[in-house]
Amino acid sequence: MITTDICIIGAGPVGLFAVFEAGLLKMRCHLIDALPQVGGQLSEIYPHKPIYDIPGYPSINAQELVDNLMEQIKPFHPSFTLGERVEALERRADGSYDVIGSEKTVIHAQVVVIAGGLGSFEPRKPEIPGLADFEGRGVSYMVKNPELYRDKRIVIAGGGDSALDWTVFLSDIAREVTLIHRSDSFRGAPDSAEKVFALAESGKIHLLLQSNLTSVHGNGTLKQVGVTDKHKQEQRIETDALIPLFGLSPKLGPIAQWGLNIDKSAIAVDTTDYSTGVERIYAIGDINTYPGKLKLILCGFHEAALMAQSAFKYVHPAEKLSFKYTTVNGIHTF
Amino acid sequence: MEETIHITVEDQHGGIRQLEIPEGINLSLMEVLKASEYDILATCGGMALCATCHIEVLEGGEKLDPLNDAELDMLDTLPDASDVSRLACQIRLNPALDGLKIRVFGNN
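Residues numbered from 1 in each chain as written. Chains lettered and ligands numbered in written order. Predicted model: local features only at pLDDT ≥ 70, side-chain atom pairs only at ≥ 80, totals over all residues.

Participant: I'd like a description of the overall build of chain A, backed by residues and values.
Facilitator: A tally of helices and strands in chain A yields seven helices and 21 strands. Principal-axis analysis of the C-alpha atoms places the extent of chain A at approximately 75 × 45 × 35 Å. The burial tally for chain A puts 41% of its 334 residues in the buried class. Counted over contacts in chain A with a minimum sequence separation of 6, partners at least 24 positions apart contribute 62%. (Helix = DSSP H or I, 4+ residues; strand = E, 2+ residues; numbered from the N terminus. Buried ≥ 20, exposed ≤ 12 C-beta atoms within 10 Å, placed from the backbone. Contact = placed C-beta atoms within 7 Å.)

Written out as structure tokens, the structure is:
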């Protein structure tokens, strides 16, 4: 078990800066993020895009901002759990929390700060009746271990890069690969698309274009999928596995189940300290909402500062908080 | 005098309404739909990342600028996209859009 003062859920720019503001008040932080690296969207989605509204920087690349934030919080020795999504929050009798991750990591903290941005990026699932019943019983939304498909019959649905790449890769491993795509062309990397067409021509894979996955069938485990073509004719395909690859979509995920006040996928907070309605739980950055909310990094930074001032009473209940400027007081590491 | 852009919108339940939008407004179609209280999340705020502002263009598709790469890439990954699918966040309002007819499609 990891023990810390503040557990920050989300290691994007606002979560990272919260470490600094907490550190000034002698509060240690542990960050947990579903992505395998820090930086949130900035590192994952637009690392090379310039950001123009960070005070003091006329222009700064997203990744550079993340790198600078990491440098800025170094004195406060934050620790990280990356590549793990938070599944649950459990409140202890003394009011503190255990934050429990999908890989069973437990982080014990006096205060929980949700800096989850858009939420965690999760596979987008097609709307097909009964599909969820076969999850883990033939249906998976990502390929974790390609060897599981050795000598199996598989159906992949989707037209993006990952659908193309996995079709090419698994065509050497699986006994039979069928790729279903709603359009008659692919927008993905031209290389991968060419390979897929070549594999189809040589008969190594089945390529069903202008077709949609419309039904799933089986008895406990997946046995067949239904594919409907542009003439609305459905055919059944015998298969051992179905891998729908329709990209990732940001979802609030388990956070929605924590009894917080959720308003249109965001957590309602009190703007005096960015606390949620639940004691010791704060929400800062893009994941919160309040009248006049702007989803800007700089607003998230401000929210982090006010949050830290308020969280202090839970971490150091016997101490009196006195506000100090870094220019006067410097940075006292621990 | 300022002109008005008329856009006919069909919601997820089949309800049809005409929006009248002042011409000078510098917004995306997603922002207008949100402001008009349509049930769309638009989680990513207009970066073509989440596809929660997925719409279908029923009439007037020729009035729109062609799809950009980010929009095409995102639409290609969607399970329920069609040939007339667009992301409302990638459509900037301009007077040429007068008479457009769309269906608000996704809210996943």
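Participant: Break down the environment of Thr-3 of chain A for me, with residues and values.
Facilitator: Turning to its location among the elements, Thr-3 of chain A is positioned in strand E1 (residues 2-9). Remark: the alpha-carbon pair of Thr-3 of chain A and Asp-263 of chain A, spanning 260 residues in sequence, is separated by 31 Å.

Participant: Residue-level account of the sheet that holds strand E16 (residues 241-244) of chain A, with values.
Facilitator: Residue and element names in this part refer to chain A. Taken in spatial order, the four strands make up an open sheet running E12-E11-E10-E16, and their pairing is parallel. In this open sheet, the two edge strands, each paired with only one partner strand, are strand E12 (205-208) and E16. Taken pair by pair, the neighbouring strands of this sheet meet at an average axis angle of 15 degrees, ignoring direction. When strand E10 (residues 153-157) meets strand E11 (residues 176-180), the two strands line up parallel, connected through five bridges. (Pairing = 2+ DSSP bridges. Axes fitted to C-alpha atoms, helices over the stretch in contact; angles between N-to-C directions.)

Participant: Can you explain the domain arrangement of chain A? Please cite residues and give values.
Facilitator: Assigned domains of chain A: these are domain 1 (2-121 + 249-329) and domain 2 (125-246). Each of domain 1 of chain A and domain 2 of chain A has a C-alpha centre, and these two points are 38 Å apart. (Domains from an automatic or database assignment.)

Participant: Talk me through the interface of chain B and chain A; I want residue IDs and the actual numbers.
Facilitator: A common way to express how large an interface is: the accessible area buried when the components associate. Taken together, the contacts link 16 residues of chain B with 18 residues of chain A. Taken together, the residues that form the side of chain B that touches chain A break down as nine nonpolar, four polar and three charged. (Nonpolar A, V, L, I, M, F, W, Y, C, P; charged D, E, K, R; others polar.)

Participant: Tell me about helix H2 (residues 69-77) of chain B, and please be specific about residues and values.
Facilitator: Of all the residues in H2 of chain B, the buried ones are Met-74, Leu-75, Asp-76 and Thr-77 of chain B. Residues of H2 of chain B that are buried make contact with strand E4 (85-87) of chain B.

Participant: Describe the sheet that holds strand E1 (residues 4-10) of chain B, and please don't skip the residues or the numbers.
Facilitator: Residue and element names in this part refer to chain B. The strand order E2-E1-E5-E3-E4 describes an open sheet built from five strands, whose pairing is mixed. The two strands at the open ends of the sheet, each matched to only one other strand, are strand E2 (16-22) and E4. The mean angle between the axes of side-by-side strands here comes to 35 degrees, regardless of whether they run parallel or antiparallel. Relative to strand E5 (residues 100-104), E1 runs parallel, the two sharing four bridges. Its bridge partner lying in E5, Val-9 is registered against Ile-102.

Participant: So what's going on with the confidence of the model for chain B? Which residues, and what values?
Facilitator: Residue and element names in this part refer to chain B. On average, residues of chain B carry a pLDDT of 89, and 95% of them reach 70 or more. Per-residue pLDDT, averaged within each element of chain B, yields its smallest value for H2 (84) and its largest for E5 (96). At the level of chain-chain contacts, confidence expressed as ipTM amounts to 0.72, with global pTM at 0.76. (pLDDT = per-residue confidence, 0-100.)

Participant: Which residues make up the nonpolar core, and what values do they have?
Facilitator: Ile-154 and Ile-156 of chain A together with Cys-53 and Ala-88 of chain B are the most contacted members of the largest nonpolar core, which totals 63 residues. Ranked by the residues each element gives to this core, the list is headed by helix H4 (residues 161-170) of chain A, at five residues. What Ile-154 of chain A contacts, discounting residues up to four positions off in sequence, is Tyr-149, Leu-170, Ala-174, Val-177, Thr-239, Asp-240, Ala-241 and Ile-243 of chain A. Among the nonpolar cores identified, the runner-up in size contains 54 residues, and Leu-65, Phe-76, Ile-107 and Val-113 of chain A belong to it. (Core = buried A, V, L, I, M, F, W, Y, C linked by C-beta atoms within 7 Å.)

Participant: Give me the packing of helix H1 (residues 13-24) of chain A against helix H6 (residues 297-315) of chain A: which residues, what numbers.
Facilitator: Residues and elements named next belong to chain A. Interaxial distance between H1 and H6 falls to 8 Å at its minimum, and their mutual angle equals 35 degrees. Relative to H6, the crossing made by H1 is right-handed. Contact residues: H1 offers Pro-13, Val-14, Phe-17, Ala-18, Glu-21 and Ala-22, while H6 offers Ile-297, Gly-300, Phe-301, Ala-304, Ala-305, Met-307 and Ala-308. A class-by-class count of the residues in the contact of H1 with H6 yields eleven nonpolar, one polar and one charged. (Left-handed = near helix turned anticlockwise from the far one by under 90°.)

Participant: Just give me the short version of helix H5 (residues 190-201) of chain A, but keep the residues and values in it.
Facilitator: Helix length check: H5 of chain A, at twelve residues, gives a terminal C-alpha distance of 16 Å against a target of 16 Å (1.5 Å per residue), a fit within 8%. Downstream of H5 of chain A by one or two residues, Gly-203 of chain A has phi in the positive range, about 80 degrees. (Expected span 1.5 Å × (residues − 1).)

Participant: Quick one: what's the story with the environment of Thr-333 of chain A, residue by residue and with numbers?
Facilitator: Residues and elements named next belong to chain A. Structurally, the position occupied by Thr-333 is in the segment after helix H7 (326-329). Measuring from C-alpha to C-alpha, the distance between Thr-333 and Glu-234 comes to 66 Å, with 99 residues separating the pair along the chain. Discounting residues that sit within four places of it in the chain, Thr-333 has contacts with Pro-75 and Phe-76.

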